[in-house]
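# Structural overview
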Amino acid sequence: MFNAALRAVRPVVVHSTRRSTPSTAFRALSTTTPRFSGPAPPSLFGEGAKPGEIPSDEQQATGLERFQLLGEMQGVDSFDLEPLDSSRVGTLEDPIKVFSLDTSRIVGCTGSPAESHELHWFTVKKEKNRRCPECGSVYALDFQGVEHHDAHHH
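In what follows, the accompanying structure is described. All values reported here derive from a predicted model rather than from experimental measurement.

### Comments concerning a nonpolar patch on the surface
A contiguous nonpolar surface patch, about 440 Å² in accessible area, is contributed by Leu 44, Phe 45, Leu 64 and Phe 67. Here Phe 45 lies in the loop between helix H2 (24–31) and helix H3 (57–60). Overall, the relative accessible area of 62% leaves Phe 45 in the exposed class.

This is the structure in structure tokens:
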């Protein structure tokens, strides 16, 4: 990612060094100070261990693993790992809601009551409800994320 950022800025730098006057775009990029409206979010990169020491999980964890570890340290469940409601069969009028921060989520159905058929995996999307091919239970995505947050995915 750092190399991609350098490639994006390199033409501006090369072009500005050939001019007699410096580029205002490059100058604004290099002198603008970051402004925050509150405290910075916790870093998803650990500080690492000092030379000669073995790092702890907190020091070496990064990304989603660090997010989950910091949540556990504060007593917060970072990921919803509870099983879905299997006390009833979802219908088109009253589907079983699946919480998600993304526009799609993989769901496993074991039937109603639980374990009444083999596990079937399928993807539930925001635009369309999905029906289990074995028991007919209907699942709908309860999207709670940011709209167009995944626009960069191809």
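### A short note on helix H4 (residues 63–73)
Along an α-helix, residues three or four positions apart point the same way, because every turn accommodates 3.6 residues. Regarding H4, the residues found buried are Arg 66, Leu 69, Leu 70 and Gly 71. In the core, the buried residues of H4 are packed alongside H3. Looking one or two residues beyond H4, the residue adopting positive phi is Gly 75, at roughly 80°.

### Notes on the layout of surface pockets
As a volume, the largest pocket reaches approximately 380 Å³. Along the walls of the largest pocket sit 25 residues, with Glu 82, Pro 83, Leu 84, Val 107 and Gly 108 positioned nearest its centre. If you list the elements that add at least two residues to the lining of the largest pocket, you get strand S1 (96–100) and strand S2 (104–109). The element best represented in the lining of the largest pocket is S2, accounting for five residues. The class makeup of the residues in the lining of the largest pocket is 13 nonpolar, six polar and six charged.

Calculation notes
Residues numbered from 1 in each chain as written. Predicted model: local features only at pLDDT ≥ 70, side-chain atom pairs only at ≥ 80, totals over all residues. Heavy atoms only, no water. Patch = residues over 30% accessible without salt bridge, like charges linked within 9 Å, V, L, I, M, F, W, Y side chains within 5 Å. Areas by Shrake-Rupley, 256 points an atom, 1.4 Å probe, with all protein chains shown as cover. Salt bridge = Lys/Arg side-chain N within 4 Å of Asp/Glu carboxyl O. Helix = DSSP H or I, 4+ residues; strand = E, 2+ residues; numbered from the N terminus. Buried < 20%, exposed > 50% of the residue type's maximum accessible area, 1.4 Å probe, protein only. Contact = heavy atoms within 4.5 Å. 1 Å grid on protein atoms, 1.4 Å probe; cavity = no way out; pocket = protein on both sides within 12 Å on 5 of 7 lines; lining within 4 Å. Points joined across faces, edges and corners; volume = space filled by probe spheres on them. Nonpolar A, V, L, I, M, F, W, Y, C, P; charged D, E, K, R; others polar.

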